[in-house]
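Each chain, letter by letter, is given below.
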Amino acid sequence: MKKKILAVGIAAAVLTGCAASPRDMLIKAYEKNTNMSSAEIDGTLTISASAEGLDLEVPIDLTLIFDTHEEKDKADDETYVKTDVSLLGNTFTQQMWMKDGMMYTDDGTHKIKQEYSVNTDSTLNIDPEKFVDGMFESLESAKISKDGDDRVLTLTLNKENVLSLLNDLVNQNRELEESADVIDLFEGIDTEALTFHDIEIRVGKDDYINKVSLGADIDFEGTAGVLNAEFTVRDRNSAVIPAYDPAEFADGYVVDDLENEISSTDTELNVSGEEDESEAYVDDYSVNIWFDDGSEYWIRSPEDQGTFCYFDENDQQLYFFTEKDMLASGIFLNKDSLRDYLGKMAQDEESYTLRDITVIGEGITRTRGCAKKDTEILKEGTPYAGIIYEDRAYGFLMVGYGSEEDFIKLTDAIDFDYQH
């Protein structure tokens, strides 16, 4: 399913042309752009999310370069993909080269290679008119306007028709293992709270696309979010894929393992109902979290306050709660990045109030404060605490959902280095 959705997205993004109507413009553009031998697509995706007083914005820079070598046979096609993901001061970069049925991946730490399937069918003959008419079935409206030398094609999506199309794709690919993540994402979306932005395609005098902009407002499992994306196409028929040496890449792990290695906050929670030689018992008031670098964290919530704690492996957050209320949550971040961020918050007296900086254990420092106004990550009145572990790679950033007084009482009572 991922490949089919991606194919639809790319096709919609590169359709351009000069025509009297939006439909004719798309048909002519489709015919022209399918003959590009190479191109570079630079994109920026911004994901913004807000939940329980915590605001996060994650920018993702994407570069995609393809080169078909002007041959109809797809077997010699080459593709390069680079992604840069930024989160609270950390940037994670990954590069991938796909050629001759092999995928080479460099995440800055590991260089691995693995086989991937290539569709070598060169007999695909899609009728342009049928293709565009199919697209128009998902549109509410389409119009063309002028902006300098550019023509701007604005497409307004019909939400029900788009969701119907996505649902059909989900059902067609439900049995495919590689589609599981996309299916779970689609089925977790509150479609009533999903709104598509208009798609804007800017076309230059040469009938090629200059830029595509699109986005959506979404509510996923109670978290309000906004996705905005912009893609710019350049170096048509002259794009060059960056050089690499296949000999530097070793036979690697599967994609799931690679994704785990890339994640800086990847943890594994060990919870067992009974104790044995290999597993430690964890009750409702304590969690054991460890990272792939071997660092281990035992944290215990105050049982006498009736406060439980739970680490959710799916969203990588540690939660503190009672039987009635959610009290606080937090995430593990690179220690140096968290220290730098806490320092900037302490210096920003217009936006934050610094309450205290306290040594709460050997090599463990706690910084607490509260947001005076809405900032890029916190809403006004939201209390926060940062825990720096000097001898470990990651620190812990948490926010409170109630009053600052209750948050101080909670963080005073939490044992952030529980001696089990």
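Since the structure is predicted, the reported quantities are computational estimates derived from the model, not experimental observations.

Draft legend 1. Summary view of unusual backbone geometry. Phi at Asp 100 takes a positive value of approximately 50°, unusual for a residue other than glycine. Within the element layout of this structure, Asp 100 appears in the loop between strand 4 (90-99) and strand 5 (102-106). By relative accessible area, which is 55% here, Asp 100 ends up exposed. A positive phi angle, close to 50°, is found at Asp 235, a residue other than glycine. For Asp 235, the position within the fold is in the loop between strand 12 (223-234) and strand 13 (250-251). Classification of Asp 235 as partly exposed rests on a relative accessible area of 32%.

Draft legend 2. View of the environment of Thr 44. Turning to its location among the elements, Thr 44 is positioned in strand 1 (residues 38-51). Classification of Thr 44 as partly exposed rests on a relative accessible area of 37%. Note: C-alpha distance between Thr 44 and Asn 228 (184 residues apart in sequence) is 8.2 Å. Among all residues touching Thr 44, those that are not within four sequence positions of it are Ile 60, Asp 61, Asn 228, Ala 229 and Glu 230. Polar contacts involving the side chain of Thr 44 include one to the side chain of Asp 61, which spans 3.4 Å.

Definitions and limits used
- Residues numbered from 1 in each chain as written.
- Predicted model: local features only at pLDDT ≥ 70, side-chain atom pairs only at ≥ 80, totals over all residues.
- Heavy atoms only, no water.
- Helix = DSSP H or I, 4+ residues; strand = E, 2+ residues; numbered from the N terminus.
- Buried < 20%, exposed > 50% of the residue type's maximum accessible area, 1.4 Å probe, protein only.
- Contact = heavy atoms within 4.5 Å.
- Polar contact = N/O pair within 3.5 Å; in protein donor to acceptor, adjacent residues only side chain to side chain.

Note that all results are geometric; they support no functional claim without further evidence.
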